[in-house]
Amino acid sequence: MKDNHSIRSMTGYGASSFQVEGASYRLEIRSVNHRHINARFHMSSIFQGAENVATKALRERLGRGALDVRVAYETSQEPSGEVAVSVDLPLARALNTSLSELAEDLGVAAPSLEVLLRAGDLVRVEGRKMDRARAEEALLEALTVALESVVKSQENEGRDLAKDLEGRIGVLESILNDLETRAPEVVAGYERRLRERLEAARDKEGVQVDQGRIITELTLFAEKCDVTEEVVRAATHLKMLRELLEPGLLIRGKRLDFLVQELGREFNTVGSKCRDVGMTSAVVDAKVELERIREQVQNIA
């Protein structure tokens, strides 16, 4: 499926500021990898009525991901209603104790108030006479702006991911070329060693060399270590991987994951057929590179 979509990382950040009746707020969205949409909201109860609509907007724009959405009170400029600030002191004390113990155990500085405020939902600011509908509308408008920032940051990191993956695909293609070159050499080496052993036996014991038996042995050996089919299929998978990294594809992540799995199967089969130390070493290198690709693919939207 084609569309004007660039490759996107699952990691992203976006923010937007907005005002409601003179009170200023800042909305921040942080996204990391997750198979589905898992949104966590940290905001005043005045906005909580908009959570379902906000979650739908997140799903439609981002598709999937673990999302942390925070709305923090910034300043108040001539507020039209009373503003109540409540602090969860028991939670703050418990959090400070736990983080201080962790800092002491790690030998680092004790947590600051800013760290505590970011770690827990400790402070709530309530506009007692604030219009909920107006507050929710302002929140959703800010969410739309922040979402675009998230997507932009995901696309920026996605370009770096694509560049890294292209380099790793190139490494695997080189390994495949090496395996394809080595396979006939392995058969030729086996034939040479077999003939040398038979000739040595003939010279020492007077044993006659059966050419038909030699051909049979070579044919069986060649069949056991023939990796042509696996190399061709793996090369096709790598070509498809490159194509999936091109801009314009709407559905990408699951297909990349599938191709990586198929590549793993092909290299496992090649490894089981190896009759040469050099080929075995090349397969090991391929599996290491493939595992790095697998990790990167998991972080692609």
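Residues numbered from 1 in each chain as written. Predicted model: local features only at pLDDT ≥ 70, side-chain atom pairs only at ≥ 80, totals over all residues. Heavy atoms only, no water.

**Here's the deal with the packing of aromatic side chains**
- Per the counting criterion, the structure on display carries four aromatic pairs.
- A ring pair is formed by Phe 18 and Tyr 25, whose centres lie 5.5 Å apart and whose planes are at 20 degrees; its orientation type is stacked. Pair check on accessibility: Phe 18 and Tyr 25 agree, each one buried.
- Taking 5.6 Å as the distance between ring centres and 70 degrees as the angle between the ring planes, the aromatic pair formed by Tyr 25 and Tyr 73 counts as edge-to-face. Of this pair, Tyr 25 sits in strand 2 (residues 23-32) while Tyr 73 sits in strand 4 (residues 65-76), and the two are 48 residues apart along the sequence.
- Feature note: the residues Phe 18, Tyr 25, Phe 47 and Tyr 73 constitute an aromatic cluster, connected by ring pairs. (Phe/Tyr/Trp six-rings, centres within 6.5 Å; stacked < 30°, edge-to-face > 60°. Buried < 20%, exposed > 50% of the residue type's maximum accessible area, 1.4 Å probe, protein only. Helix = DSSP H or I, 4+ residues; strand = E, 2+ residues; numbered from the N terminus.)

**Description of the environment of Ser 100**
- Relative to the elements of secondary structure, Ser 100 occurs in helix 2 (residues 89-106).
- As for Ser 100 and Pro 111, which are separated by eleven residues in sequence, their C-alpha atoms are 6.3 Å apart.

**Remarks on the environment of Leu 117**
- On the secondary structure map, Leu 117 appears in helix 3 (residues 113-119).
- Along the primary structure Leu 117 and Leu 95 are separated by 22 residues, whereas in three dimensions their C-alpha atoms are 9.8 Å apart.
- Residues in contact with Leu 117, not counting those within four places in the same chain, are Leu 122 and Val 123. (Contact = heavy atoms within 4.5 Å.)

**Details of the packing of helix 7 (residues 253-273) against helix 8 (residues 277-297)**
- It is the contact of helix 7 with helix 8, at a shortest axis distance of 10 Å, that shows an interaxial angle of 165 degrees. Here helix 7 is positioned roughly antiparallel relative to helix 8, judged by the angle of their axes. Once helix 7 is placed against helix 8, the crossing between them reads as left-handed. Every residue of helix 8 that contacts helix 7 at Gly 253, Leu 256, Asp 257, Val 260, Gln 261, Leu 263, Gly 264, Phe 267, Asn 268, Val 270 and Gly 271 is listed here: Val 283, Ala 286, Lys 287, Leu 290, Ile 293, Arg 294 and Val 297.
- Across the contact of helix 7 with helix 8, the residue classes break down as ten nonpolar, five polar and three charged. (Axes fitted to C-alpha atoms, helices over the stretch in contact; angles between N-to-C directions. Parallel < 35°, antiparallel > 145°, perpendicular 65-115°, else oblique. Left-handed = near helix turned anticlockwise from the far one by under 90°. Nonpolar A, V, L, I, M, F, W, Y, C, P; charged D, E, K, R; others polar.)

**A word on the nonpolar core**
- Of all hydrophobic cores here, the largest spans 32 residues; its most connected members are Leu 172, Leu 176, Leu 179, Leu 238, Leu 241, Leu 263 and Phe 267.
- Among the secondary structure elements, those contributing two or more residues to this core are helix 4 (132-205), helix 6 (228-244), helix 7 and helix 8.
- Among the elements that make up this core, the one with the highest residue count is helix 4 (nine residues).
- Leave out the neighbours within four places in its chain, and Phe 267 touches Leu 172, Leu 176, Leu 179, Val 283, Ala 286, Lys 287 and Leu 290. (Core = buried A, V, L, I, M, F, W, Y, C linked by side-chain atoms within 4.5 Å.)

**A few points about the side chain of Ser 31**
- When you line up the elements, Ser 31 lands in strand 2.
- Looking at Ser 31, its side chain comes within polar contact range of the main-chain oxygen of Met 10, at 3.0 Å.
- Looking at Ser 31, its side chain comes within polar contact range of the side chain of Gln 154, at 3.1 Å.
- Not counting the four nearest positions on each side in its chain, Ser 31 is found in contact with Met 10, Thr 11, Gly 12, Ala 66, Leu 67, Val 150 and Gln 154. (Polar contact = N/O pair within 3.5 Å; in protein donor to acceptor, adjacent residues only side chain to side chain.)

**Some words on helix 2**
- Over its 18 residues, helix 2 runs 25 Å from end to end, which matches the ideal 26 Å to within 8%, given 1.5 Å per residue.
- Turning to helix 2, its buried residues are Ala 92, Leu 95 and Ala 103. Buried residues of helix 2, viewed axially, fall in a sector of 70 degrees; they line one side. Of the exposed residues in helix 2, the ones pointing more than 90 degrees away from its buried face are Pro 90, Arg 93, Glu 101, Glu 104 and Asp 105.
- N-capping of helix 2 is provided by Asp 88, with a side-chain oxygen placed 3.2 Å from the backbone N of Leu 91. (Expected span 1.5 Å × (residues − 1). Arc of directions from axis to C-beta.)

In short, shape yes, function no, at least from these values alone.
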